[in-house]
Amino acid sequence: MPRVIITVPDSNPQPYRFKLDREVVNMGRGSDNDIVIDSGSVSGKHAEMHRVKGGYELRDLGSTNGIKLNDNRQQMIVLRSGMTAHLGDVSFEFTLSDDEQQTLKIEKPYEDLPSLKEEEPKKKSPRKEEKVPERISLRRPELSTHSDGAGFGMIILFMALAAIAFCIGLSIRHSKDTGESLLKGMVNKGDIREVVPTEEDPAE
């Protein structure tokens, strides 16, 4: 049977025992509690000890001085065998027999076992490694920016070469048709335009 020892300052310790299947144990200064604690630091309805799957919990009921573990005030404390908590200034010792601890261990949810909790980080580590390709994909826009600039330069170069090739081809064709270079033909054509007005003078 779970054992609770209540020790009020300047008073003798008071032991209490409960059946393992007892769901709730009320504690406080009021006479209607399962454990009546005669101390000014304890509220009328101070705390409750709850039987939960795999163990016990000590829960504060909104008391003035609260419940504490290692001098730290808490709303709820998960009780372990051999643990000492405080209700106000009153000491609360919780003890389980070896058989009771074994029974509670069997009840404990599979996912709450300590061995499984230690393995959880190992299971998560591969997921972090899977995120590496995402970081590589973030650098792709930078590569595409450089490739776009190089592509634009190649287009300009291609257009310039095409224009040069066109001019060379036009010059060669003109040479074959007229027997003179395109540049010379352009110069001669300019000369004819200047001579035309002088040939029309006799007609007038």
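The paragraphs below set out a description of the structure included in this document. On a predicted model such as this, the values are computed, not experimentally measured, just so you know. (Residues numbered from 1 in each chain as written. Predicted model: local features only at pLDDT ≥ 70, side-chain atom pairs only at ≥ 80, totals over all residues. Heavy atoms only, no water.)

1. Side note on the overall build of the protein
We count it as follows: Segments assigned H or I by DSSP are reported as helices when at least four residues long, segments assigned E as strands when at least two residues long, and all are numbered from the N terminus. Under the scheme applied here, a residue whose accessible area is under 20% of the maximum for its type counts as buried, over 50% as exposed, and between as partly exposed, the area being computed with a 1.4 Å probe on protein chains only. Working definition of accessibility: Shrake-Rupley area with a 1.4 Å probe, residue cover restricted to the visible protein chains.
When helices and strands are tallied, the protein shows 5 helices and 11 strands. Within the protein, the proportion of its 204 residues that are buried is 24%. For the protein, the accessible surface area stands at approximately 15,000 Å², while carbon and sulfur atoms represent 55% of it.

2. Topic: the nonpolar core
Defined as follows: By nonpolar core we mean a set of buried residues, namely Ala, Val, Leu, Ile, Met, Phe, Trp, Tyr and Cys, connected to one another through side-chain atoms within 4.5 Å. By the convention used here, residues are in contact when the closest approach between their heavy atoms is within 4.5 Å.
Core analysis: the biggest nonpolar cluster contains 25 residues, and Ile37, Met49, Leu58, Leu79 and Phe92 have the highest contact counts within it. Contributing elements (two or more residues each) for this core: strand 1 (3-7), strand 3 (24-28), strand 5 (47-52), strand 6 (55-60), strand 7 (67-69), strand 9 (76-79), strand 10 (83-87) and strand 11 (90-95). In contact with Ile37, not counting residues within four places along its chain, are Ile6, Val8, Met27, Gly28, Arg29, Val42, Leu87 and Val90.

3. As for the environment of Val25
With respect to the secondary-structure elements, Val25 resides in strand 3. On the accessibility criterion, Val25 (2% relative accessible area) is buried. For the pair Val25 and His50, spaced 25 residues apart in sequence, the C-alpha separation works out to 6.6 Å. Sequence-distant contacts of Val25, that is, excluding residues within four places in its chain, are made with Phe18, Asp34, Ile35, Ala47, Glu48 and Met49.

4. Let's talk about unusual backbone geometry
Here Asn70, not a glycine, exhibits a phi torsion of approximately 55 degrees, which is positive. Looking at where Asn70 falls in the secondary structure, it is placed in the loop between strand 7 and strand 8 (72-74). The exposure class of Asn70 is exposed, given its relative accessible area of 64%. The backbone of Asp71 shows a phi angle near 65 degrees, a positive value even though the residue is not glycine. Position of Asp71 among the secondary structure elements: in the loop between strand 7 and strand 8.

5. Here we look at the environment of Asp60
For the record, the criterion: For this analysis, a polar contact is any N or O atom pair within 3.5 Å, provided that within protein one partner can donate a hydrogen and the other can accept it, and provided that sequence-adjacent residues contribute only side-chain to side-chain pairs.
You can see Asp60 is positioned in strand 6. For Asp60, a relative accessible area of 8% gives the class buried. Measuring from C-alpha to C-alpha, the distance between Asp60 and Glu48 comes to 6.7 Å, with 12 residues separating the pair along the chain. Setting aside residues up to four positions removed in sequence, Asp60 forms contacts with His46, Ala47, Gly66, Ile67, Arg73, Gln74 and Gln75. At 3.5 Å, the side chain of Asp60 and the backbone nitrogen of Gly62 are in polar contact. At 2.7 Å, the side chain of Asp60 forms a polar contact with the side chain of Ser63.

6. Some points on a nonpolar patch on the surface
So the rule is basically this: Each patch is built from salt-bridge-free residues with over 30% relative accessible area, joining like charges within 9 Å and nonpolar side chains (Val, Leu, Ile, Met, Phe, Trp, Tyr) within 5 Å. Within this document, salt bridges are pairs made up of a side-chain nitrogen of Lys or Arg and a carboxyl oxygen of Asp or Glu, the two lying within 4 Å of each other.
A surface patch of nonpolar side chains, about 610 Å² in accessible area, is lined by Met154, Leu157, Leu161, Ile164, Ile168 and Ile172. Within the secondary structure layout, Ile164 lies in helix 4 (residues 140-178).

7. Some remarks on the packing of aromatic side chains
Using the following cut-off: For Phe, Tyr and Trp, rings pair up if their centres lie within 6.5 Å, where Trp contributes its six-membered ring, and each pair is then called stacked (planes under 30 degrees apart), edge-to-face (over 60) or tilted (otherwise). Only Lys NZ and Arg CZ are tested; either one counts as a charge over a ring when it is within 6 Å of the ring centre and within 35 degrees of the ring normal.
Taken as a whole and assessed by the stated rule, the structure comprises 1 aromatic pair. Directly above the aromatic system of Tyr56 lies the positively charged group of Arg51, at a separation of 5.7 Å from the ring centroid.

8. Description of the sheet that holds strand 5
Convention followed: Note on pairing: DSSP must find at least two bridges between two strands before they are called paired.
With respect to topology, 5 strands assemble into an open sheet ordered 4-3-5-6-9, the strand pairing being mixed. Two strands close off the open sheet at either side, each with one partner strand: strand 4 (35-36) and strand 9. Both strand 3 and strand 5 contribute to a ladder of 4 bridges, which runs antiparallel. Paired with Asn26 across the two strands is Glu48, which belongs to strand 5.

9. Considerations on the sheet that holds strand 10
Note: strands within a sheet are paired through backbone hydrogen bonds, in either parallel or antiparallel orientation. Applicable threshold: Angular values range over 0 to 180 degrees, each being the angle between N-to-C directions of two axes fitted as lines to C-alpha atoms, with helices fitted over their stretch in contact.
Taken together, 6 strands build an open sheet; the order of strands is 2-1-11-10-7-8 and the sheet is antiparallel. The open sheet has two edge strands, strand 2 (14-17) and strand 8, and neither has a second partner. Taking each pair of neighbouring strands and ignoring which way they run, the sheet shows an average axis angle of 30 degrees. Pairing between strand 1 and strand 2: 4 bridges, direction antiparallel. The residue of strand 2 that forms the bridge with Ile6 is Gln14.

Scope: geometric values only; no functional claims are made or implied.
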